[in-house]
Amino acid sequence: MAAKKLLILPGDGIGQEVMVQVRRIIDWMGKKRNIEFEITEGLIGGSAFDATGTPLPQETLDAALAADAVLLGAVGGPKWDDLPFDKKPERGLLGIRKEMGLFANLRPATVFDALVDASTLKSEVVSGLDIMIVRELTGGLYFGQPRGIETLPNGERKGVNTLTYTTSEIQRIGRAAFDLARKRNKKLTSVDKANVLECTVLWREEMIKLQQTEYPDVQLEHMYVDNASMQLVRNPKQFDVMVTENMFGDILSDCAAMLTGSLGMLPSASLGAADANGNRKALYEPVHGSAPDIAGKDIANPLATILSFSMCLRYSFNMVAEADLIETAVKNVLKGGLRTADIMSPGKAKVSTTVMGEAIVRELDKLS
Ligand SMILES: NC(=O)c1ccc[n+]([C@@H]2O[C@H](COP(=O)([O-])OP(=O)(O)OC[C@H]3O[C@@H](n4cnc5c(N)ncnc54)[C@H](O)[C@@H]3O)[C@@H](O)[C@H]2O)c1
Ligand SMILES: CC(C)[C@H](C(=O)O)[C@@H](O)C(=O)O
Ligand SMILES: [Mg+2]
């Protein structure tokens, strides 16, 4: 089998530190399991701006479109806060998602048994939790037109962003979510604000049509986004698969991350449409950002990025045994009591980013 082409984009801040730990696992897979990847490393975000004057160099985009999958760390940081809007690191991330057509962002919030005590919620509320947030990623408020800041005739300034979705955009994310729900527990919660926003009235109508015409075996419920955020904290186990608009999904997934103990635990997969051979463009990235407050200190949790790599092995490379192995290694290392600072609790051993990465590799050795 030809080596899979993996583009690695560490990005900025802790993105670079956590990616070093993924590289350890990749090296281990080469040495111990004879799995070689064709790896290219590229620039995105603030580091790309510093080197090339743009947060998404053409070379990076070309490499992403040619790769079998992309693994991204994180972008952004205060160093680039004052740049013009189109030069900001975050534009690089939004640009690569849009250009690769990655409309479906899967954000699984799974609570590891060993981390039940790291959650800020009571253990009975979170233990065994396993939900999947399906966030629409290339439309909605993030991309709708018109947008911008204008000066009115009276001298006032006006900021504009627009929430738009077409029926086909709603249907394709709806199908992605219904398909997942069908493979899991046949329950889908569509989150909207249909009591206030017309765009999400259309969203709700299209979800209902899909359920009636294509997915009668999946139970569909609707929830307003304000209630959904409250219910996620009150009783998250009522949810299985949730599907929602781009910005609602951004907010709900950070909220869901805390149920698992830390934002440093949540991986994600951003997927495009399947081609005739069933292959999809895909980018894997942790849900967290570049964490400027802890960057450069070797204390960030690398597990969200390591778990994103395991999603890449599972979904893009069909290396299910290796993905399982990494997830078991993470589970065992946590069971053994090692914790980065963000998931630390009394009686456990606080370790650095590097030591956590080394421990995962040692565990992989033990397991195989
Ligand atoms: N996907 C991405 O690249 C992405 C996602 C979110 C934010 N950002 C960018 O990152 C920068 C910082 O944003 P922010 O502070 O709002 O969000 P953030 O996710 O970077 O950090 C929020 C908080 O969570 C902590 N945290 C995040 N990841 C962690 C990890 N792996 N281990 C331990 N603690 C972790 C941080 O220390 C911080 O206190 C901004 O420029 C923002 O635009 C990028
Ligand atoms: C950095 C930003 C553009 C990004 C988003 O809002 O999509 C981030 O918050 C995320 O969750 O991936
Ligand atoms: Mg976010």
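Since the structure is predicted, the reported quantities are computational estimates derived from the model, not experimental observations.

Topic: the overall build of the protein chain
Logical step 1: A tally of helices and strands in the protein chain yields 12 helices and 14 strands.
Logical step 2: Since a compact globule built from 368 residues should have a radius of gyration of about 21 Å, the 20 Å found for the protein chain is in line with a globular shape.
Logical step 3: A principal-axis box enclosing the C-alpha atoms of the protein chain has dimensions of 60 × 50 × 45 Å.
Logical step 4: Expressed as a percentage of the 368 residues in the protein chain, the buried residues total 47%.
Logical step 5: Taking the intrachain contacts of the protein chain between residues at least 6 apart in sequence as the baseline, contacts between residues at least 24 apart amount to 73%.

Overview of the confidence of the model for the protein chain
Logical step 1: This prediction gives the protein chain a mean pLDDT of 97; 100% of its residues lie at or above 70.
Logical step 2: Ranking the elements of the protein chain by mean pLDDT puts helix H5 (residues 123-126) last, at 94, and strand S8 (residues 187-192) first, at 99.
Logical step 3: Interface predicted TM-score (ipTM) for the complex: 0.99; the corresponding pTM is 0.97.

A look at the UniProt feature "binding site: substrate" (unreviewed entry) in the protein chain
Logical step 1: UniProt annotation of "binding site: substrate" (unreviewed entry) refers to Arg97, Arg107, Arg135 and Asp226 when read in the numbering used here. Considering the C-alpha atoms alone, the annotated residues occupy 130 residues of sequence and remain spread out, their largest mutual distance being 26.5 Å.
Logical step 2: You can call Arg107 buried: it has 24 C-beta atoms within 10 Å.
Logical step 3: Residues contacting Arg107, with those up to four places away along its chain left out, are Ile133, Arg135, Ser253, Leu266, Ser268 and Val287.
Logical step 4: Among the secondary structure elements, Asp226 is positioned in helix H8 (residues 225-234).

Focus: the site of ligand 2
Logical step 1: The full set of residues close to ligand 2 is Gly76, Glu90, Leu93, Leu94, Asp250, Val287 and Gly289.
Logical step 2: Counting residues per element, the shell around ligand 2 draws most heavily on helix H4 (residues 89-99), at 3 residues.

Structural notes on unusual backbone geometry
Logical step 1: Cis peptide bonds are those with omega within 30 degrees of zero, and the linkage from Gln145 to Pro146 qualifies with 0 degrees.
Logical step 2: Within the secondary structure, Pro146 is located in strand S6 (residues 144-151).
Logical step 3: One non-glycine residue, Lys186, lies in positive phi territory at about 60 degrees.
Logical step 4: With a phi close to 40 degrees, Ala291 is a non-glycine residue in the positive phi region.
Logical step 5: Tracing the backbone through its elements, the reader meets Ala291 in the loop between strand S12 (282-284) and helix H10 (303-315).
Logical step 6: Residue classification places Ala291 among the buried residues on the basis of 23 C-beta atoms within 10 Å.

Some points on the sheet that holds strand S2 (residues 37-41)
Logical step 1: Here we have 10 strands laid out as an open sheet, ordered S2-S1-S3-S12-S11-S4-S5-S10-S8-S9, and mixed in their pairing. The open sheet terminates on both sides in strands that have one partner only, identified here as S2 and strand S9 (219-224). Each neighbouring strand pair of the sheet contributes to a mean axis angle of 25 degrees, computed without reference to strand direction.
Logical step 2: Pairing between strand S11 (residues 269-271) and S12: 3 bridges, direction antiparallel. Looking at the pairing, Ala269 lines up with Tyr284 of S12.

Reading the values: the criteria
- Residues numbered from 1 in each chain as written.
- Chains lettered and ligands numbered in written order.
- Predicted model: local features only at pLDDT ≥ 70, side-chain atom pairs only at ≥ 80, totals over all residues.
- Helix = DSSP H or I, 4+ residues; strand = E, 2+ residues; numbered from the N terminus.
- Rg over C-alpha atoms; globule rule 2.2 N^0.38 Å.
- Buried ≥ 20, exposed ≤ 12 C-beta atoms within 10 Å, placed from the backbone.
- Contact = placed C-beta atoms within 7 Å.
- pLDDT = per-residue confidence, 0-100.
- UniProt positions renumbered as here; feature names shortened; annotations may be inferred.
- Near = placed C-beta within 6 Å.
- Pairing = 2+ DSSP bridges.
- Axes fitted to C-alpha atoms, helices over the stretch in contact; angles between N-to-C directions.

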